[in-house]
Amino acid sequence: MYSFRFKKGDHMRNFRRSLTSIVLAFTMVIAMCVSILPVSAADVVTKTVNIAEATKNERGPGYDWANRFDILTLNNLHIETSDAYGLRLPKNATVVLKGNNYIKAAKYGVSFSGTVIIKGSGTLTIEAGEIGMYLISQDNTQKIRLIDGKYTITAGKYGVYSDAADFSFVDGTMDINVTDPAGKAIQGRVVNLLGGKFTANAPVESTHALVAEAVNLDINASSPALASKNLTVKDVQFSDGSTEYAGQNSVKTKSIAKNHRTSAVFGDSVPGFVDYILLAVVIVGIGACIFIPALRRKKKAQELYARLAAEGYLTEDK
C-alpha cells in the first residue's frame, strides 16, 4: 500500500490559491452589482435645484452653473424630490444637455423665469405631478427654445404650460404623456413646433398663435390635436397624403421641408435665413471696399485737374 504525504509548504500554497480565488470571485460579484445600479444614493438630489436665484457659480451632482456666462450644464443629473419644483432656471440662460438626466417633482418638473435655450445631445426625462415644463414668466417677449436633445415628459395636467412666454420646439425628439384625460400636451400663448419629432397623447393648444412647420407629428388626442385661433401648418404631409390639417383628433405627419432651418455659421440657435443676410452684407462690404476707394480717387483726380486748369497749367481742351 502506498501513502502520500504533503509537505507543510504545499498546504500553505493550496490555501493561498483557494483564498485568492474566493477574493477574486467576491470582487467580481460586487463589481457586477455596482455596474447595474443606475445612480448611487449619494448622487440623487432630493431637493429643488434652484438656479433661478444663483448669484455665483453653483455645482452639484449632475449639474454645473457657470454664473458669468449664464450656462447650466446637466450631465446625468438625477433629481427626485417631494418639493413642488425639481429644477428652477433663471432668465437669459443656456442649458446644455449631456448624458441622461432625470427630474421628478411633486408639481413642476422644470420652471423657466424667462428666455432660455436648451441644447445638446443628451436626454431629459421629467415626471411631474402637474406640469412638466412651467413657463412662469408673464412677459410675452420672453422665449423658450428647445434646439435639440431628447425630451420625455410625463405630467398630470400639462406637458408644457405658459401664460405669456413663447415656446418653440425646434429639433430633436419630444414625447409627452399626460395622465389627466382633459390635460394638454402643450398649452401656451404662442407655440411653435418647427422640426424634429413630436409625439403626444393630448392636444397642443395656444391662445394666440400655433405653428406646426416641418415637424414629424404623432398626436393621438380626445379633441383636435392642434387648436389655435391663428393656426399655421406648413411643410408637412399627413398620413393620408394631404398637406392641410382638417381638425382631426389624431394626426401623423412627416416633414417635407427642403431647406436647412438653422444657421450653419452661428449654430442651431439662429435661423438659417441669417446666413443669407450675412452673405449679402459680405457682398456689399466687398463692393464697398472696391468701389468707394475708386470713386474717391476719381474725385481727387477731378479736383486736381480743376485746380491745374485754374492755375493755367492745363489748356481748355485738356
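Scroll up to find the structure.
Summarised in this report is the structure supplied together with it. Predicted, not measured: the structure shown is a model, and the values here were computed from it.

1. Some thoughts on the side chain of serine 206
Okay, so step 1: Tracing the chain through its elements places serine 206 in strand 20 (residues 204-213).
Okay, so step 2: A polar side-chain atom of serine 206 sits 3.0 Å from the main-chain carbonyl oxygen of alanine 209.
Okay, so step 3: In contact with serine 206, other than residues within four places in its own chain, are Gly188, Arg189, Val191, Ala227, Ser228 and Lys229.

2. Here's the deal with the sheet that holds strand 21 (residues 216-220)
Sheet strands pair by backbone hydrogen bonding; their relative direction is either parallel or antiparallel.
Okay, so step 1: Here nine strands make up an open sheet; going across it, the order is 5-8-11-14-17-19-21-25-24 and the pairing mixed. The open sheet is flanked by strand 5 (78-80) and strand 24 (236-238), the only strands paired with a single partner. Looking at each pair of strands side by side, their axes are set apart by 10° on average, direction ignored.

3. Describing the packing of aromatic side chains
Okay, so step 1: Taken as a whole, this structure holds six aromatic pairs when the rule is applied.
Okay, so step 2: Ring geometry for tyrosine 85 and tyrosine 108: centres 4.9 Å apart, planes at 45°, overall tilted. Of this pair, tyrosine 85 sits in strand 6 (residues 85-89) while tyrosine 108 sits in strand 9 (residues 108-112), and the two are 23 residues apart along the sequence.
Okay, so step 3: Classification of tyrosine 85 by relative accessible area gives partly exposed; the value is 22%.
Okay, so step 4: Since its relative accessible area comes to 14%, tyrosine 108 is described here as buried.
Okay, so step 5: Measuring from ring centre to ring centre gives 4.8 Å for tyrosine 158 and tyrosine 161, while their planes differ by 50°; the resulting arrangement is tilted.

4. What to know about the environment of leucine 226
Okay, so step 1: Tracing the backbone through its elements, the reader meets leucine 226 in strand 22 (residues 226-227).
Okay, so step 2: A residue is classified by how much of its surface remains accessible, and leucine 226, at 4% relative accessible area, is buried.
Okay, so step 3: Each C-alpha atom of the pair leucine 226 and alanine 246 lies 9.7 Å from the other, and the pair is 20 residues apart in sequence.
Okay, so step 4: If near-sequence neighbours (up to four positions away) are discounted, leucine 226 is found in contact with Val204, Leu210, Ala212, Leu217, Ile219, Leu231, Val233 and Tyr245.

5. Quick look at the pattern of salt bridges
Okay, so step 1: Summed over all chains, the structure comprises four salt bridges.
Okay, so step 2: One salt bridge connects arginine 59 with aspartate 64, and the closest N-O pair in it is separated by 3.1 Å.
Okay, so step 3: The class of arginine 59 is exposed, set by a relative accessible area of 66%.
Okay, so step 4: Of the residues examined, aspartate 64 reaches a relative accessible area of 29% and is grouped as partly exposed.

Conventions we followed
- Residues numbered from 1 in each chain as written.
- Predicted model: local features only at pLDDT ≥ 70, side-chain atom pairs only at ≥ 80, totals over all residues.
- Heavy atoms only, no water.
- Helix = DSSP H or I, 4+ residues; strand = E, 2+ residues; numbered from the N terminus.
- Polar contact = N/O pair within 3.5 Å; in protein donor to acceptor, adjacent residues only side chain to side chain.
- Contact = heavy atoms within 4.5 Å.
- Pairing = 2+ DSSP bridges.
- Axes fitted to C-alpha atoms, helices over the stretch in contact; angles between N-to-C directions.
- Phe/Tyr/Trp six-rings, centres within 6.5 Å; stacked < 30°, edge-to-face > 60°.
- Buried < 20%, exposed > 50% of the residue type's maximum accessible area, 1.4 Å probe, protein only.
- Salt bridge = Lys/Arg side-chain N within 4 Å of Asp/Glu carboxyl O.

The values reported here are purely geometric and, on their own, carry no functional implication.
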